[in-house]
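Structural overview
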Amino acid sequence: MTVSFRNTGGTAVRSGTVTFGTHIIGALGIDWATIESSEDLPAPIAAGAKKDKTWTVCVDAWRVPLGMHIETQDVSVHWE
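The following paragraphs examine the structure supplied in this document. Just so it is clear, the structure is predicted and the values come from calculations on it, not from any experiment. (Residues numbered from 1 in each chain as written. Predicted model: local features only at pLDDT ≥ 70, side-chain atom pairs only at ≥ 80, totals over all residues. Heavy atoms only, no water.)

For Thr19, the position within the fold is in strand 2 (residues 16–25). Take Thr19: its relative accessible area is 17%, and that puts it in the buried class. Among the polar contacts made by the side chain of Thr19, one reaches the side chain of Ser38 at a distance of 3.1 Å. When sequence neighbours within four positions are dropped, the list of residues in contact with Thr19 reads Glu36, Ser37, Ser38, Asp74, Val75 and Ser76. (Helix = DSSP H or I, 4+ residues; strand = E, 2+ residues; numbered from the N terminus. Buried < 20%, exposed > 50% of the residue type's maximum accessible area, 1.4 Å probe, protein only. Polar contact = N/O pair within 3.5 Å; in protein donor to acceptor, adjacent residues only side chain to side chain. Contact = heavy atoms within 4.5 Å.)

In terms of nonpolar packing, the biggest core is built from 9 residues, these being Val3, Phe5, Val13, Val18, Phe20, Leu41, Ile45, Trp55 and Val57. Within the residue set of this core, elements represented by two or more residues are strand 1 (2–6) and strand 2. With sequence-adjacent residues up to four places away left out, Phe5 is seen in contact with Val18, Leu41, Pro42, Ile45, Ala49, Lys50, Lys51, Lys53, Trp55 and Val77. (Core = buried A, V, L, I, M, F, W, Y, C linked by side-chain atoms within 4.5 Å.)

Attention now goes to the pattern of salt bridges. Under the definition given, this model contains 1 salt bridge. Across the pair Asp60 and Arg63 runs a salt bridge, and its minimum N-O distance is 3.9 Å. Asp60 sits in the partly exposed class, given a relative accessible area of 43%. (Salt bridge = Lys/Arg side-chain N within 4 Å of Asp/Glu carboxyl O.)

Taken as a whole and judged by the stated rule, the model has 2 aromatic pairs. With 6.1 Å between their ring centres and 85° between their planes, Phe5 and Trp55 make a pair best called edge-to-face. Of this pair, Phe5 sits in strand 1 while Trp55 sits in the loop between strand 4 (50–54) and strand 5 (69–79), and the two are 50 residues apart along the sequence. Like Phe5, the residue Trp55 is buried in the burial classification. An aromatic cluster is defined as three or more aromatic residues linked by ring pairs; in this entry it consists of Phe5, Phe20 and Trp55. (Phe/Tyr/Trp six-rings, centres within 6.5 Å; stacked < 30°, edge-to-face > 60°.)

Right, dumping it as structure tokens:
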């Protein structure tokens, strides 16, 4: 998953965390569970700058039974 971060503030972002919510979706489209995973932000991000970062989001195979699939639908960021 590739995420673009744009710092629209007046000071640099020095650190932070990005959290992904990966949903386990059944064959009929029912959302059975959400698995969260967190990674460090690609800091520092200067004021007015943009930075792209790519992560591989994984879910244990036993959590995704045959006929189901995963979708990373939620991304949240906490920065300092």
